[in-house]
6 protein chains.
Amino acid sequence: MTDAAPSKFRFLMVRHFTLPEHVHERFGMNDRAPKEAMLMNYQHLAPLLEDVDWDFHPGPMATHGDGDGYPETREELAIVGSNRLPVVREACESGRYNAIILLGGVDPGFWEAREIAQPYGVAVTANAFAQMHVACMLGARFSVLDISEGQSVKMVDLIRLYGFADRCASIRVVDYPLPRKPFDYGRSTLEERRGFARGKPSAMLEEAVREAIACIEEDGAESIILGCSGCYWLQDPLQKRLKEMGWDIPVLEGYRAAIEVAKLMVNLGVGASGIAFPPPLPRRWRRIKTF
Amino acid sequence: MTDAAPSKFRFLMVRHFTLPEHVHERFGMNDRAPKEAMLMNYQHLAPLLEDVDWDFHPGPMATHGDGDGYPETREELAIVGSNRLPVVREACESGRYNAIILLGGVDPGFWEAREIAQPYGVAVTANAFAQMHVACMLGARFSVLDISEGQSVKMVDLIRLYGFADRCASIRVVDYPLPRKPFDYGRSTLEERRGFARGKPSAMLEEAVREAIACIEEDGAESIILGCSGCYWLQDPLQKRLKEMGWDIPVLEGYRAAIEVAKLMVNLGVGASGIAFPPPLPRRWRRIKTF
Amino acid sequence: MTDAAPSKFRFLMVRHFTLPEHVHERFGMNDRAPKEAMLMNYQHLAPLLEDVDWDFHPGPMATHGDGDGYPETREELAIVGSNRLPVVREACESGRYNAIILLGGVDPGFWEAREIAQPYGVAVTANAFAQMHVACMLGARFSVLDISEGQSVKMVDLIRLYGFADRCASIRVVDYPLPRKPFDYGRSTLEERRGFARGKPSAMLEEAVREAIACIEEDGAESIILGCSGCYWLQDPLQKRLKEMGWDIPVLEGYRAAIEVAKLMVNLGVGASGIAFPPPLPRRWRRIKTF
Amino acid sequence: MTDAAPSKFRFLMVRHFTLPEHVHERFGMNDRAPKEAMLMNYQHLAPLLEDVDWDFHPGPMATHGDGDGYPETREELAIVGSNRLPVVREACESGRYNAIILLGGVDPGFWEAREIAQPYGVAVTANAFAQMHVACMLGARFSVLDISEGQSVKMVDLIRLYGFADRCASIRVVDYPLPRKPFDYGRSTLEERRGFARGKPSAMLEEAVREAIACIEEDGAESIILGCSGCYWLQDPLQKRLKEMGWDIPVLEGYRAAIEVAKLMVNLGVGASGIAFPPPLPRRWRRIKTF
Amino acid sequence: MTDAAPSKFRFLMVRHFTLPEHVHERFGMNDRAPKEAMLMNYQHLAPLLEDVDWDFHPGPMATHGDGDGYPETREELAIVGSNRLPVVREACESGRYNAIILLGGVDPGFWEAREIAQPYGVAVTANAFAQMHVACMLGARFSVLDISEGQSVKMVDLIRLYGFADRCASIRVVDYPLPRKPFDYGRSTLEERRGFARGKPSAMLEEAVREAIACIEEDGAESIILGCSGCYWLQDPLQKRLKEMGWDIPVLEGYRAAIEVAKLMVNLGVGASGIAFPPPLPRRWRRIKTF
Amino acid sequence: MTDAAPSKFRFLMVRHFTLPEHVHERFGMNDRAPKEAMLMNYQHLAPLLEDVDWDFHPGPMATHGDGDGYPETREELAIVGSNRLPVVREACESGRYNAIILLGGVDPGFWEAREIAQPYGVAVTANAFAQMHVACMLGARFSVLDISEGQSVKMVDLIRLYGFADRCASIRVVDYPLPRKPFDYGRSTLEERRGFARGKPSAMLEEAVREAIACIEEDGAESIILGCSGCYWLQDPLQKRLKEMGWDIPVLEGYRAAIEVAKLMVNLGVGASGIAFPPPLPRRWRRIKTF
């Protein structure tokens, strides 16, 4: 972003939660870093953020579970989602942003955040939501590659809520969860990511390739999305591996999709339908709703 | 319940929230009353509770909105839902109950509560969920009569999440919300209920009759459910009025449906599928999920 | 049932057909036995029937096929179903029952029986119907384990008629039909049941376990129902075996589900919608019907 | 049919039931008439039957209801359907026919008859089934014009069973039932037909026109079928009236559609899939069935 | 067709395209042959054409691709389809035909041709369209056996357009395309057909058998259709092989289905709904359209 | 676009067709104007094109109909679509563009153009396609406001092909077609647009408002799209009028949506799935396709 002119894009990126500083290392966090360092996958995002004025919010302090690990259950995700709503409201009221991008897997608090932001004319996007919409532009059906059973059953709920059941060919899980107590699971997305960054071969990547092939050949996927934002690093090697095999299939990733959908919304002057997300006791209401 | 033998049904009824005592009168609450008085519609429930040992929990203190009114928005309902989860967990851990019945419109926290209760073998039911399942036993499609735009858009979300979109003929709204700040809306479910109890004619009932007829004649409803538990008192006169006209259609009500579905679950030894509601990091997980 | 007070549940259990006495042994029947002995699986049902006044009707004399074997084809099942309707009508007219439970696989005559009973305010339930409704309460989709090709194609018809096509993950068949002429098929549900009761290992159970795993892992089942009431004995060992493997999935069984759905209906004062099951030349009718 | 060469089409037309001779006049029957007179609407069928060798079977003696009127309820239609199956079996065994056409509204016994005929290589068609398939060839969705509430709820069942729910825009009812005890209904398809044949204006036709317009303008019908074969006489004037208004929509009629679908099947050497309609205990069976 | 009387069926068969004469041998064409020789599969069609007066049109000269090969891509198929429309219009204007049968895989130009022919009262049919409709008469779902990736993705588009997505169990591809530049693909439907005609074993047939079994056992097909008219010769041996294995499943073929659907339409006096295929600026139009 | 740096967006806008110059005035065309003047609605597009390098192609010379009017029928639209494909191919081969935006109602040639552009990595968007995808981001279902019967039946085809049938609440038509021979229709989008630009009241706008209200109140639309790009001028006043009434519903317009979807695709490096739009005889192909 050059200083010359204010960007038309003024975005707030909001992580789903933060944790006490003494455990940051364990969970791959660092809230004292510059915003670019806090934003996972910044190297790939930088070109997309060039024309964006953006801030980063590390998310509210976790109150789910023992406050010591990534949320995995519907309960934990509901709590994480509710906790984030005051951040959204405050950002809307500040008048500083025309879009809010909710980071974090399975979009905690996204549906409620859209409702909050609607009267302010602020667009809200989130990783799974944005990827699904982009995926459907590219082919008839998409598959989700996900990292754990817990996230994937929540993804099932989201797909129903968002209305994508007919468009989802499958959700396939490679079992590498994010770290949480008691930290003895033995398979970890975070460890795989760190290893991959150091150039080590990744069993998780191999499983992702195998499952992605099944998505294409057996399930009917015409594009692939990543369920967990923490596995953004799979996008490039996965796409490349599939391409080498002869499968020219788009592999999407959450942050980029969420940023671009936000830009589209801002440029078109839309965010969410005021019919679908009405204010409390609206002036006008629909006598009948159907499906 | 006679003292002679313990019932096989040990239920906890949990209201969605409570408010500070000084506003109880305004919202039709009284947390110092005997449980029978706190349970709305007790006169109709009493026969169903005869063989049940039950407790009543008034719900957690409200933190949504200004803490001063019924929840209406998705945001408020999410907060109310999250607040209720510790009550559910504690009830499960206590070992005192084999079913928990979540009271309150549009089932706040129900999906998460089922997940919490699943490993304890405790069944959880809720008003909208139970009515929809019973309604589908009686005919192909049901309509929902609802009281406000806010509750009805949340009901749309629920119907998607529960998988009833093909079974829902319509949601029709009669615009009589529950009381909330600034209390100047002019149309109120609570006032209508109080008036009706005193024998006054109810405009809300008349509108409900008119909309119910439209549900049958235009939308294809074969049974009718009430979206808000606070309009339980409509059930009897509505059913009677429709019957007199020649429409022999079942009109359901939330508390009764939730109690009976809970009994069915307890007697069959089921609550929720451990596949649909898995524990965190489960021993066994599904590599593929489809719709 | 203690003598002290009449139960609120007055049920008639109706078997789908009977056969001449000289072949009872071959088909596992005995119409002179006490009702408890005639009711398959009584040991598991007894707790559910404690608060029920119930009678058992052995069903009309078979006229399908050569009158010598279990019905397997759509033709035979239609005849068996039609034959049972006079029993239903008579039971309704007697005023002695508030629910009728139709026993026998793939619910012969159920849809017509509901229509007959509707004006009497008598609830009617049946094995497949009740299981499907309960299964959907527990998870998004269920699978059916069935015993023969014939029963399973009829089950397909039922699932369409009942509106469960979107909820049925799969029907899987283990090929162990019920006995019928010429009795040389070599694989028999009845023989497997008898062997299992004597403690012999059952190949049918092993196949059922294998197929149930496929239902979960490949087809997306979140609960399992048994297509044929004659394989009720699979329910316990199947559930146990799956649980031991780590699959905490509900396995339902027809009689229990049908009894509990009947209780729910009686307690809620419902049976079938008079809109879906109208009397002949009804006073009020719908000008339009849609799907 | 000239005598010169045997036709490739050898059809048996089977009415759904007959009644004792003394009531034939009341119900518009005459079983002693030549086959051409027994076949309703012969004047329109004659050109289609020119190349067909055909017989007419008046149907089995009625056992439904009091044996004194047209079947209207699901119970009566099930009985009528079961009664007709021996006629079908005998016709198949005779080897005289390559197709059987089941006459009568809502196709009583059709599904079972297909199963019976499948191994003989005899095609079976019926009025509603044939019309629906033809209607879908002409446009995306069809509407059904039906004559009574009873027939139309059975039509709903058929549409589900046949898999046409997505293709049916609506069923619209003009309330002119067929005669049945106690004969005091005041509105009668039979009387309307007789009046129309004598050149009298028909209120039933006027209502059919009005409802057909609604099917097109409101419901999305692109073709129209007649639910009851007894209102065949509506086809011509209805089509003409709609055409005059500017609606160029096909209006089908049951007998003609059933005859032509039968010819198509005979010429293509098909009747029903042996997979969908298997024999009892088939040599080969499917381990899994899905929807 | 005897000379004695004009047939009621006057059909024009239109191939999708022709090529310059010097390449006819390579592509299995010969536009100077008698019409019977130009019509592939005439030996099987002859009995169906006995009562038909028919002409053959070799199709417009190809302009797609380099004009040197069979169309494979959506682009090529769109061009081939547009090119054929003047032939259709001219045939309609000539008044010589009451039906036009569009030959060639994936129905190029069919939807537009129906629109052209509608006001003339001329029926138009095509291979895929006709087979799908017939297949659905025989069982609930059909599978398509197709010869190349290109044709099969176009088939996916057709199935969506025609509204058969719920009825299509699967499309399975055996990779034997039709000849096109640069003629080095190594697998060829045309070569397989020629070899098979000379009595050589066909690897393509073996793969078709294997895939057809998968359609039945895994995908739920109850009938099978052939995607490409050029593989008509598979129909007989495939049906026979499946029958020998115990799978009594109908295998359809395009030309025969298209001829018989055309006859049905002509006899019933229908072709396409004037609502679905309106003329430009029609006198009457629909204010609302729904799905 | 400042000269300083090349934009990352290099777009070609392609109109669907052009006409001989002597009729340009009649059809509102002028191919000698600067590109900004040729691009309808430029004033609203200018802000979105600020960061885009773009060219305008007036489209191929019309060959449909008599070459004298806007395409209205499926035939004309197919011809227009095929004609445009060489323009697309040439643009891709030129290497000058990273996106092509197909202008003109109901997206002529879009599906084929995507296939052509896929191997070049060039994104292709079109008006209806882009609007539908954006509309679904904003609410569950959208309605289309369209200008003529012909365009709207083609829109029905598109919605099926694109897979939006479940997402489309309705298509509503206000009958103001584009000009075509014989120019005597009396109602014209073009005249309405010209009048509106001169400040005259527009009957077309009034009808659009009325129909849009019906879309919301009766059909369930949560966003609205404009079927014909020629009625872009309705977007602002329609949105404003609805907003004033209390309906806060997004009204989209084709060019803006198509531009922004193109930007999103370019920034994410995607265009169309190579699985959904494969090249001819691809290296890798899918053995099975499902829906």
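Residues numbered from 1 in each chain as written. Chains lettered and ligands numbered in written order. Predicted model: local features only at pLDDT ≥ 70, side-chain atom pairs only at ≥ 80, totals over all residues.

- By the naming in an unreviewed UniProt entry, chain A is Hydantoin racemase, taken from Roseomonas indoligenes.
- Its UniProt record, at the heading Sequence similarities (unreviewed entry), says of chain A: "Belongs to the HyuE racemase family." (UniProt positions renumbered as here; feature names shortened; annotations may be inferred.)

**Digging into the overall build of chain A**
Right, so step 1: Along the backbone of chain A there are 11 helices and eight strands.
Right, so step 2: At 19 Å, chain A has a C-alpha radius of gyration in line with the 19 Å of a compact globule built from 291 residues.
Right, so step 3: Once the C-alpha set of chain A is aligned to its principal axes, its extents read approximately 55 × 45 × 45 Å.
Right, so step 4: Within the span of chain A, comprising 291 residues, buried residues form 60% of the whole. (Helix = DSSP H or I, 4+ residues; strand = E, 2+ residues; numbered from the N terminus. Rg over C-alpha atoms; globule rule 2.2 N^0.38 Å. Buried ≥ 20, exposed ≤ 12 C-beta atoms within 10 Å, placed from the backbone.)

**Some thoughts on the sheet that holds strand S7 (residues 223-226) of chain F**
Right, so step 1: Read from one edge to the other, the open sheet built from four strands follows the order S8(E)-S6(F)-S5(F)-S7(F), with strand pairing classed as mixed. With partners counted over all chains shown, the strands left at the sheet margins are strand S8 (288-289) of chain E together with S7 of chain F, one partner each.
Right, so step 2: The sheet contact formed by strand S5 (residues 142-146) of chain F and strand S6 (residues 168-173) of chain F spans five bridges and is parallel. Its bridge partner lying in S6 of chain F, Ser143 of chain F is registered against Ser170 of chain F.
Right, so step 3: On top of the sheet, helix H6 (residues 127-138) of chain F reaches S5 and S7 of chain F; it is set at about 170° to S7 of chain F, its chief contact. (Pairing = 2+ DSSP bridges. Contact = placed C-beta atoms within 7 Å. Axes fitted to C-alpha atoms, helices over the stretch in contact; angles between N-to-C directions.)

**Here's the deal with the relation of the copies chain B and chain A**
Right, so step 1: Note on the identical chains: chain B maps onto chain A by a rotation of 180° and an axial translation of 0.0 Å, with an RMSD of 0.0 Å. These values place the two chain copies in the arrangement generated by a two-fold rotation axis.
Right, so step 2: Interface overlap between copies: 98% of the residues of chain B at the interface are likewise at the interface in chain A, consistent with a symmetric, same-surface contact. (Least-squares fit on C-alpha atoms with pLDDT ≥ 70 in both.)

**A look at the packing of helix H5 (residues 110-117) of chain C against helix H4 (residues 74-94) of chain D**
Right, so step 1: As a packed pair, H5 of chain C and H4 of chain D sit with axes 8 Å apart at the nearest point and diverge in direction by 140°. Judged by residue contacts, Trp111, Glu112, Glu115 and Ile116 of chain C of H5 of chain C engage Arg74, Glu75 and Ala78 of chain D from H4 of chain D.
Right, so step 2: For the contact of H5 of chain C with H4 of chain D, the residue count by class is three nonpolar, no polar and four charged. (Nonpolar A, V, L, I, M, F, W, Y, C, P; charged D, E, K, R; others polar.)

**Some details on unusual backbone geometry**
Trans peptide bonds make up the majority, and among non-glycine residues the majority have a negative phi.
Right, so step 1: Geometrically, the link from Lys181 of chain A to Pro182 of chain A is a cis peptide bond, its omega value of 0° lying close to zero.
Right, so step 2: Tracing the backbone through its elements, the reader meets Pro182 of chain A in the loop between strand S6 (168-173) and helix H8 (189-197).
Right, so step 3: Even without being a glycine, Leu281 of chain C presents a positive backbone phi close to 45°.
Right, so step 4: The topology assignment puts Leu281 of chain C in the loop between helix H11 (254-268) and strand S8 (288-289).
Right, so step 5: By the C-beta count within 10 Å, which is 18 here, Leu281 of chain C ends up partly exposed.
Right, so step 6: Unlike most non-glycine residues, Val106 of chain E shows phi in positive territory, near 50°.
Right, so step 7: Within the secondary structure layout, Val106 of chain E lies in the loop between strand S3 (99-102) and helix H5 (110-117).
Right, so step 8: Residue Val106 of chain E is classed as buried on the basis of its C-beta count, with 28 C-beta atoms lying within 10 Å.

**Overview of the interface of chain B and chain A**
Right, so step 1: Counting residues at the interface gives 44 residues for chain B, matched by 43 residues for chain A.
Right, so step 2: At the level of secondary structure, the elements contributing two or more residues to the side of chain B that touches chain A comprise helix H4 (74-94), helix H5 (110-117), helix H7 (149-162), strand S6 (168-173) and strand S8 (288-289) of chain B.
Right, so step 3: No other element matches the nine residues that H7 of chain B contributes to the side of chain B that touches chain A.
Right, so step 4: Among the residues making up the side of chain B that touches chain A, the classes are represented as 23 nonpolar, eight polar and 13 charged.

**Digging into the arrangement of the chains**
Right, so step 1: When C-alpha atoms are compared, chain B and chain D, though not in contact, are closest at a spacing of 10 Å.
Right, so step 2: The smallest C-alpha distance separating chain C from chain F is 14 Å, and no contact links them.

**Examining the environment of Asp55 of chain A**
Residues and elements named next belong to chain A.
Right, so step 1: Here Asp55 lies in strand S2 (residues 52-57).
Right, so step 2: Exposure remark for Asp55: the 13 C-beta atoms within 10 Å place this residue in the partly exposed category.
Right, so step 3: Separated by 41 residues in the primary sequence, Asp55 and Arg96 have C-alpha atoms spaced 9.9 Å apart.
Right, so step 4: Those residues in contact with Asp55, other than ones at most four positions away along the chain, are Leu12 and Lys35.

**Looking at the relation of the copies chain E and chain F**
Both copies of the chain are placed relative to one another by a rotation about an axis and a shift along it.
Right, so step 1: Aligned on chain F, chain E shows an RMSD of 0.0 Å; the corresponding rotation is 180° and the shift along the axis is 0.0 Å.
Right, so step 2: When the interface residues of chain E are mapped onto chain F, 98% of them again fall at the interface, so both copies present the same face.

**Points about the domain arrangement of chain A**
All names here are of chain A.
Right, so step 1: Parsing chain A into structural domains produces domain 1 (9-127 + 255-268) and domain 2 (130-254).
Right, so step 2: Taken together, the contact pairs 27 residues of domain 1 with 25 residues of domain 2.
Right, so step 3: Only helix H1 (24-27), helix H4 (74-94), strand S4 (123-126) and helix H11 (254-268) provide two or more residues apiece to the side of domain 1 that touches domain 2.
Right, so step 4: Among the elements that take part in the side of domain 1 that touches domain 2, H11 stands out by supplying five residues, more than any other. (Domains from an automatic or database assignment.)

**Notes on the environment of Ile216 of chain B**
Right, so step 1: Looking at the element boundaries, Ile216 of chain B is found in helix H9 (residues 203-219).
Right, so step 2: Considering only alpha carbons, one finds Ile216 of chain B and Ala169 of chain B, 47 residues apart in sequence, at a separation of 9.0 Å.
Right, so step 3: Excluding residues that lie within four positions of it along the chain, Ile216 of chain B makes contacts with Ala221, Trp247 and Ile249 of chain B together with Ile275 and Arg286 of chain C.

**Quick word on helix H7 (residues 149-162) of chain D**
Right, so step 1: Between the first and last C-alpha of H7 of chain D there are 20 Å, a value that for 14 residues agrees with the 20 Å anticipated at 1.5 Å per step.
Right, so step 2: All of the buried residues along H7 of chain D are Glu149, Gly150, Gln151, Ser152, Val153, Lys154, Met155, Val156, Leu158, Ile159, Arg160 and Tyr162 of chain D.
Right, so step 3: Residues of H7 of chain D that are buried sit in contact with helix H7 (149-162) and S8 of chain C together with H4, helix H6 (127-138), strand S5 (142-146) and strand S6 (168-173) of chain D.
Right, so step 4: Following H7 of chain D by one or two positions, Gly163 of chain D adopts a phi angle in the positive range, close to 85°. (Expected span 1.5 Å × (residues − 1).)

**Observations regarding the packing of helix H9 (residues 203-219) of chain D against helix H10 (residues 235-245) of chain D**
Residue and element names in this part refer to chain D.
Right, so step 1: At a closest axis distance of 10 Å, the pairing of H9 and H10 adopts a crossing angle of 50°. If you check the angle between H9 and H10, you find them oblique. In this structure, the crossing between H9 and H10 has a hand that is right-handed. Facing H9, whose interface residues are Leu205, Ala208, Val209 and Ala212, H10 presents Pro237, Leu238, Arg241 and Leu242.
Right, so step 2: Each residue belonging to the contact of H9 with H10 can be placed in one class, and the counts come to seven nonpolar, no polar and one charged. (Parallel < 35°, antiparallel > 145°, perpendicular 65-115°, else oblique. Left-handed = near helix turned anticlockwise from the far one by under 90°.)

**A word on the sheet that holds S8 of chain C**
Right, so step 1: Within the open sheet, the four strands sit side by side as S8(C)-S6(D)-S5(D)-S7(D). Their pairing is mixed. Lying at the two open borders of the sheet, with one neighbouring strand each, are S8 of chain C together with strand S7 (223-226) of chain D.
Right, so step 2: In terms of strand pairing, S5 of chain D meets S7 of chain D through four bridges, oriented parallel. Bridge pairing in S7 of chain D links Ser143 of chain D to Ile224 of chain D.
Right, so step 3: Along the sheet face, H9 of chain D touches S5, S6 and S7 of chain D and points at about 155° away from the line of S6 of chain D.

**Let's talk about the interface of chain E and chain F**
Right, so step 1: On the side of chain F, 43 residues touch chain E, which itself brings 44 residues to the contact.
Right, so step 2: Looking at the side of chain E that touches chain F, the elements that each hand over two or more residues are helix H4 (74-94), H5, helix H7 (149-162), strand S6 (168-173) and S8 of chain E.
Right, so step 3: It is H7 of chain E that provides the largest number of residues to the side of chain E that touches chain F, a total of nine residues.
Right, so step 4: Of the residues assigned to the side of chain E that touches chain F, the class counts are 23 nonpolar, eight polar and 13 charged.
Right, so step 5: Both S6 of chain E and strand S8 (residues 288-289) of chain F contribute to a ladder of two bridges, which runs antiparallel.

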